[in-house]
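The primary structure of each chain is shown beneath.
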Amino acid sequence: MVTVDRTTFRIDTKNTTYIFQKTKYGHLEHIYYGSLLSKEDKATSLRQKQSVQVGSSVLYDKGDTIYGLDSLCLEWSDNGRGDYRQSPTEFKMPDGSFVTDFIYDSHDITEGSIPMDTLPTAYGGNKTLKITLKDKVYPIYIDLYYSAFYDTDVITRRAVVRNGSESPLVIRRIMSMSLDLPDEGFELYTLDGAWIKEANLHKRPVSYGITINSSTTGASSNRHNPAFLLAESDAKEDYGSVYGFNFIYSGNHYSVVEKSDRDYIRVAMGINPCFFEWILPPRDKFETPEVVMTYSNKGFNETSYHMHNFINEHIVRGEWKKKERPVLLNNWEAHFFNFNEGKLLALAKEAKNLGVELFVLDDGWFGKRNSDKAGLGDYNVNTKKLPAGIKGFADKINNMGMAFGLWFEPEMVNEDSDLYREHPEYAVKLPNRHAVLGRNQLVLDLCQKEVRNYIVGEVSKLLDNASISYVKWDMNRHIAEGYSRALENQGEFYHRYILGLYEVLNRIFGPRPHILLESCSSGGNRFDLGMLCYSPQIWASDDTDPIERLKIQGGLSYFYPPSTMGAHVSQSPHQQTLRETPLSTRFNVSVFGCLGYELDLKYITREERKEIAEQIAFYKKYRRIFQYGRFYRIPSYKDNKVIWEALSEDKETALTALFQTLATAAESSDKLRVIGLNKGGYKVRTRVQRLYLKRFGGLLKHVLPIELNPEGAILRMVNRHYSLRDSVESYHCSSEALESGIPLREQFIGTGYDKNIRILGDFGSNLYITEKKSQEGEN
Ligand code: DGJ
């Protein structure tokens, strides 16, 4: 798995090979990263050949007319020695210059992966290779760690700087990894967005110059997720060369993709150098966050599969690893801040009747928290809303037969709070400027030990005093003024904030592994591998409109498995878009995640109640497959279709959803493709779902024996108590036929309702269950 042949280092995973070598001057030259190679393949044949002197280049050694660092594919690089591409480091060296020359010093191979002291690390690796580089002049070292995760086809990389000199080392930039790949006409895919439109996938050709994917908000951010892909230009879901990168870090990140004059693509990833300056004392070390890398020549779905497996096996940890997640009901969209015990218990009772397993009380239960203007920082329960306190309320929920979960926003404080009145110095702000607010709140300074102790003490007290089995950990503003009274060097603020956050999470949840932690930051503002080391699931977005969720969950799915995504069915028209969507589609999207409901059940009809109960029963039956099965994005040549599949581990059950984003007139028939099944005979059927008369509006008059006002009392009443059955299809066919796709019934094209017609319209969808013949189930 890790082999060293004199000067060549090779890492193999099940399907990939990674090779680099030490050059004659001791630099590390990147040789190959791609599909698994034969043991016979040697660096001499695979390396980029260098046989000419490149005009206007700076040569490393005066006796050598060819060797120039700028025209090499490197594994790590320096400043001031002729390589003009983005360097992974910027150190102020003891001589005051920025010039470095890090060359091979030693290496070491260890079993397993090696945890870091300060940062979360992927666990359960097979082997770790450590290469130590030493500056040619000063006793400053960089240890490059490579860990192989064989079965998931992942290699992780990170760097540790050690200062062996007698003076402090000023680190202005230290990437976790740097790598040069020969261009393949790459396109760069990133997940970009904003609040309520996180993680939308964007692609752009990699052209000459530098493209940066970064965040400066103090979190990994909803603007640019740290994860990205580099894919050859004609790569598809099931074809082509695709590299995937992600970062185990929740703070300001920075990735650079630079195409050089030699058509080499430098990829580097690390802590954002913006606002960063670390002063490393003598004999101390600085650990950088771990980068996750994978490769496949079988397209995007395969790269995603590697990433998903890796997260489920080597990132998510503790009792909730691979454990089925409960169906929850969260009261936020139902009540916002306006609730009392009576309202909550009524909602909980309805939820229980529908099959919900966990009731989550969101924001507004403490202090003067009746709006987002006050109360953050205070953890005393509002007894006007909850007279029996959190414990009494949690007991009532438990007595109904549901687990209880509670919302916190521990990293924040409102100026209108007892905490702020008592300890204004706990907040992040400058002594000589007015503080800037976000959602009326300030950030608590996690660089201060007292603040960390306060949060750990207050949250732990609550968790131990009531039966709380789930926590939603929210964080609702970007950090703006990076300053801590606890620090002498403010260039350390952003990173120390994240170290403080990880410490707090460790101290609270380490001793309470039974608690399921769902992290959240105004939705998916901190959807990253760092948080997933503590919270097995993350609230993907405050946007619960399923059509937006197709983009959000769809974007995230390139890197993160469904088991990590909180996904809720909410009320339509949707708060975020005013779009109206069918209840069936809201469910069909949310099943590809950790299903929850977030709506006021008081205002839904009897028919909808029945439908929700059916949905939850169905999800419980298949949730292992939805959460942990293999996820595929099925390509369609039509741009108004999104198709997702979840395949069981034994490859004998598949659940496929076909979504229509916008209807087009007289649309041709659709195909249902089911991929990845074991060979054999299968039965495929539509999951039965309800169709409401209101979908047809005024058209009803054409089919009813008497003319009725579509908005009138009679039809409203009928709608509450009666629904139609959406078209149900059922076929027997082979895995081969399913792989190539079977035509589905035609959809409504202005010809009236018939139970043999699929009624999709705008935002319609169906779910299909494919099961091996011998094990047919019910819907
Ligand atoms: C933002 C979260 O994303 C929402 O789900 C909700 O918890 C609110 N904060 C509460 O303030």
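Residues numbered from 1 in each chain as written. Predicted model: local features only at pLDDT ≥ 70, side-chain atom pairs only at ≥ 80, totals over all residues. Heavy atoms only, no water.

Caption draft 1: Fine view of the overall build of the protein. When its secondary structure is counted, the protein shows 14 helices and 40 strands. By the compact-globule yardstick of 28 Å for 779 residues, the protein fits well, its C-alpha radius of gyration being 28 Å. Taken over the C-alpha atoms alone, the protein extends approximately 100 × 65 × 40 Å along its principal axes. Each of the 779 residues in the protein was classed as buried or not, and the buried ones make up 62%. (Helix = DSSP H or I, 4+ residues; strand = E, 2+ residues; numbered from the N terminus. Rg over C-alpha atoms; globule rule 2.2 N^0.38 Å. Buried < 20%, exposed > 50% of the residue type's maximum accessible area, 1.4 Å probe, protein only.)

Caption draft 2: Looking closely at the site of the ligand. Neighbouring the ligand are 13 residues, the closest being Asp362, Asp363, Lys472, Asp474 and Asp542. A distance of 2.6 Å separates an oxygen atom of the ligand from a polar side-chain atom of aspartate 363. In the environment of the ligand, an oxygen atom lies 3.1 Å from a nitrogen or oxygen atom belonging to the backbone of glycine 523. Expressed as a share of its isolated accessible area of 290 Å², the protein-covered part of the ligand is 98%. Considered class by class, the residues forming the shell around the ligand number four nonpolar, three polar and six charged. (Near = heavy atom within 4 Å. Polar contact = N/O pair within 3.5 Å; in protein donor to acceptor, adjacent residues only side chain to side chain. Areas by Shrake-Rupley, 256 points an atom, 1.4 Å probe, with all protein chains shown as cover. Nonpolar A, V, L, I, M, F, W, Y, C, P; charged D, E, K, R; others polar.)

Caption draft 3: Structural view of the sheet that holds strand 4 (residues 28-35). Strand order in this open sheet of four strands is 1-2-3-4, and the pairing throughout is antiparallel. Two strands lie at the open edges of the sheet, namely strand 1 (2-5) and strand 4, each paired on one side alone. The mean inter-strand angle of the sheet, taken between neighbouring strand axes irrespective of direction, is 15°. Note that strand 3 (residues 16-22) and strand 4 share seven bridges and pair antiparallel. Looking at the pairing, isoleucine 19 lines up with tyrosine 32 of strand 4. (Pairing = 2+ DSSP bridges. Axes fitted to C-alpha atoms, helices over the stretch in contact; angles between N-to-C directions.)

Caption draft 4: Summary view of the pattern of salt bridges. Scanning all chains against the criterion turns up 57 salt bridges. The salt bridge partner of glutamate 166 is arginine 283, with a shortest N-O separation of 3.3 Å. Of this pair, glutamate 166 sits in the loop between strand 9 (154-163) and strand 10 (169-182) while arginine 283 sits in the loop between strand 18 (278-280) and strand 19 (285-287), and the two are 117 residues apart along the sequence. Residue glutamate 166 shares its accessibility class with arginine 283, and that shared class is exposed. For glutamate 667, the salt bridge identified is with lysine 638, shortest N-O distance 2.9 Å. Pair noted here: glutamate 667 is in the loop between strand 33 (653-660) and strand 34 (671-672) and lysine 638 is in the loop between strand 31 (630-634) and strand 32 (641-647), with a separation of 29 residues, a long-range link. Each member of the pair, glutamate 667 together with lysine 638, is buried. (Salt bridge = Lys/Arg side-chain N within 4 Å of Asp/Glu carboxyl O.)

Caption draft 5: The side chain of threonine 128, seen in detail. Relative to the helices and strands, threonine 128 is located in strand 7 (residues 127-135). Threonine 128 sits in the buried class, given a relative accessible area of 0%. Of the polar contacts made by the side chain of threonine 128, one reaches the side chain of serine 147; its length is 2.8 Å. Discounting residues that sit within four places of it in the chain, threonine 128 has contacts with Asp108, Ile109, Thr110, Gly112, Ser113, Ile114, Tyr145, Tyr146 and Ser147. (Contact = heavy atoms within 4.5 Å.)

Caption draft 6: Geometry of the sheet that holds strand 31. The strand order 31-32-33-40-35-38 describes an open sheet built from six strands, whose pairing is antiparallel. With partners counted over all chains shown, the strands left at the sheet margins are strand 31 and strand 38 (730-734), one partner each. Mean inter-strand twist for the sheet, computed between neighbouring axes without regard to direction, equals 20°. By the bridge criterion, five bridges tie strand 35 (residues 681-686) to strand 40 (residues 765-772) in an arrangement that is antiparallel. Considered in strand 40, the bridge of arginine 685 is made with isoleucine 769.

Caption draft 7: Highlighting the packing of helix 7 (residues 449-465) against helix 8 (residues 493-509). Contact geometry for helix 7 and helix 8: axes closest at 10 Å, N-to-C directions at 30°. Classified by the angle their axes make, helix 7 and helix 8 are roughly parallel. For helix 7 against helix 8, the interelement crossing comes out right-handed. On helix 8, the residues touching Arg452, Asn453, Ile455, Val456, Val459, Ser460 and Leu463 of helix 7 are Gly500, Glu503, Val504, Arg507, Ile508 and Phe509. Residue composition of the contact of helix 7 with helix 8, grouped by class: seven nonpolar, three polar and three charged. (Parallel < 35°, antiparallel > 145°, perpendicular 65-115°, else oblique. Left-handed = near helix turned anticlockwise from the far one by under 90°.)

Caption draft 8: Just the pairing of strand 2 (residues 8-12), in detail. Of all five residues making up strand 2, five are buried, and the element is well covered by its neighbours. Of the pairings in the sheet, the one linking strand 1 to strand 2 comprises four bridges and is antiparallel in character. Its bridge partner being in strand 2, valine 4 is matched across the sheet by phenylalanine 9. Counting the residues between successive antiparallel strands, the hairpin from strand 1 to strand 2 contains two residues, one of them, arginine 6, with a positive phi of roughly 50°. Looking at chain direction, strand 2 and strand 3 are connected through five bridges and run antiparallel. In the strand pairing of strand 3, isoleucine 11 is matched with tyrosine 18. In this structure, the hairpin formed by strand 2 and strand 3 is closed by a connection of three residues.

Caption draft 9: Examining the packing of aromatic side chains more closely. Counted under the stated rule, the structure contains 49 aromatic pairs. On the numbers, 4.9 Å between centres and 80° between planes, the contact of tryptophan 365 with phenylalanine 366 is edge-to-face. The exposure classification of tryptophan 365 matches that of phenylalanine 366, with both residues buried. One aromatic cluster in this structure is built from Phe9, Tyr18, Phe20, Tyr33, Tyr104, Tyr146, Phe186, Tyr243 and Tyr295. Positioned over the ring face of tyrosine 145 is arginine 158, at 4.1 Å from the centre of the ring. Seen from the ring of tryptophan 320, lysine 323 lies directly overhead, with NZ or CZ sitting 4.3 Å from the centre. (Phe/Tyr/Trp six-rings, centres within 6.5 Å; stacked < 30°, edge-to-face > 60°. Lys NZ or Arg CZ within 6 Å of the ring centre and 35° of its normal.)

Caption draft 10: Layout of helix 11 (residues 583-590). Across the eight residues that make up helix 11, a large majority, eight, are buried. The set of residues buried in helix 11 consists of Leu583, Ser584, Thr585, Arg586, Phe587, Asn588, Val589 and Ser590.

Caption draft 11: Local environment of helix 10 (residues 546-556). Counting buried residues in helix 10 gives 10 out of 11 residues, a clear majority hidden from the surface. Turning to helix 10, its buried residues number three or more, namely Pro546, Ile547, Glu548, Arg549, Leu550, Ile552, Gln553, Gly554, Gly555 and Leu556. For helix 10, the capping residue at the N-terminal end is aspartate 545, with a side-chain oxygen 2.8 Å from the backbone nitrogen of isoleucine 547.

Caption draft 12: Inspection of the nonpolar core at higher detail. Membership of the largest hydrophobic core comes to 182 residues, with the highest contact counts inside it found for Leu230 and Trp365. Here this core takes 11 residues from helix 8, the largest share from any one element. Filtering out sequence-adjacent residues up to four positions away, tryptophan 365 remains in contact with Phe339, Tyr379, Val381, Asn382, Leu386, Ile390, Leu406, Trp407, Phe408 and Leu462. (Core = buried A, V, L, I, M, F, W, Y, C linked by side-chain atoms within 4.5 Å.)

Caption draft 13: The arrangement of the environment of isoleucine 140 in detail. Along the chain, the position of isoleucine 140 falls in strand 8 (residues 140-149). Residues isoleucine 140 and arginine 283, 143 residues apart in the sequence, show an inter-C-alpha distance of 9.5 Å. Leave out the neighbours within four places in its chain, and isoleucine 140 touches Met93, Pro94, Phe102, Leu133, Lys134, Asp135, Val161, Arg162, Asn163, Gly164 and Leu169.

Caption draft 14: Representation of unusual backbone geometry in the model. The linkage connecting serine 572 with the following residue, proline 573, adopts the cis geometry, with an omega of 0°. One non-glycine residue with positive phi stands out, namely serine 522, at about 50°. Structurally, serine 522 can be placed in the loop between strand 27 (516-519) and helix 9 (529-532). Given the relative accessible area of 15%, serine 522 is considered buried.

Caption draft 15: Summary view of the state of the cysteines. A full pass over the atoms with the stated rule returns zero disulfides. The closest cysteine sulfur to the non-disulfide-bonded cysteine 520 is located on cysteine 594, 14 Å from its own sulfur. A residue is classified by how much of its surface remains accessible, and cysteine 594, at 2% relative accessible area, is buried. (Disulfide = S-S within 2.5 Å.)

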